[in-house]
Amino acid sequence: ASLAKSLKVPAKPSLQVAVPAGTIDLYKAIGAFVQPIMETDGHDAAVAVVESCCEGFRKAVHAAGPDKEEFVKAFNAEAPGGEADPGIMAGATAFWAGIGAQVGPIMESNGQQAAVDYVNKVCDGFKAACHSAGPDEDAFKASLAKSLGAE
């Protein structure tokens, strides 16, 4: 009886987890890409590019799952002209890997729908943080952490 009391059953992982690795890489790459667009074409044009990049990233993550080559192919397919900016691709690949490291255990313990929901939660939080923070990295980090419950 005393042995049974000392054994702890591991809890299911919560969907409130740390900000994935690679998040800041993609945020900075989008910022660097969007800055000249903001200067020449204005705020609305920059917002549209951020929106397109974030949604393209979400679609590519869902399409590729854990396959890096498929992710690169899918993300390029979402980019204007069929090829993502190299800086954005590097950031996106880092963020994809960071999400993947967190999604694997969620998928194993809670199933595919929980993993899909998690990816959507991260992508929604990322996009909202990009839009609300603009070029303010500290505001971006705070907004994303709050949306993910990782405060």
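Above this note sits the structure.
None of the values given here were measured: they were computed from a predicted structure.

Draft legend 1. Geometry of the overall build of the protein. Each helix and strand counted, the protein has 7 helices and 0 strands in total. Each helix (α) and strand (β) of the protein, taken in turn from the N terminus, gives the series α-α-α-α-α-α-α. Counting every position in the protein, which comprises 151 residues, the buried fraction comes to 35%. Long-range contacts, defined as pairs at least 24 residues apart, comprise 64% of the intrachain contacts of the protein with a sequence gap of at least 6. Approximately 8500 Å² of the protein is accessible, and the part contributed by carbon and sulfur atoms is 58%.

Draft legend 2. Broad picture of the nonpolar core. Counting 39 residues, the largest nonpolar core has Leu26, Ile30, Phe57, Phe71, Phe75, Phe126 and Phe140 as its most contacted members. Here the element with the most residues in this core is helix H6 (residues 112–133); it accounts for 10 residues. Discounting residues that sit within four places of it in the chain, Leu26 has contacts with Phe57, Ile88, Gly91, Ala92, Phe95 and Phe126.

Rules used throughout
- Residues numbered from 1 in each chain as written.
- Predicted model: local features only at pLDDT ≥ 70, side-chain atom pairs only at ≥ 80, totals over all residues.
- Heavy atoms only, no water.
- Helix = DSSP H or I, 4+ residues; strand = E, 2+ residues; numbered from the N terminus.
- Buried < 20%, exposed > 50% of the residue type's maximum accessible area, 1.4 Å probe, protein only.
- Contact = heavy atoms within 4.5 Å.
- Areas by Shrake-Rupley, 256 points an atom, 1.4 Å probe, with all protein chains shown as cover.
- Core = buried A, V, L, I, M, F, W, Y, C linked by side-chain atoms within 4.5 Å.

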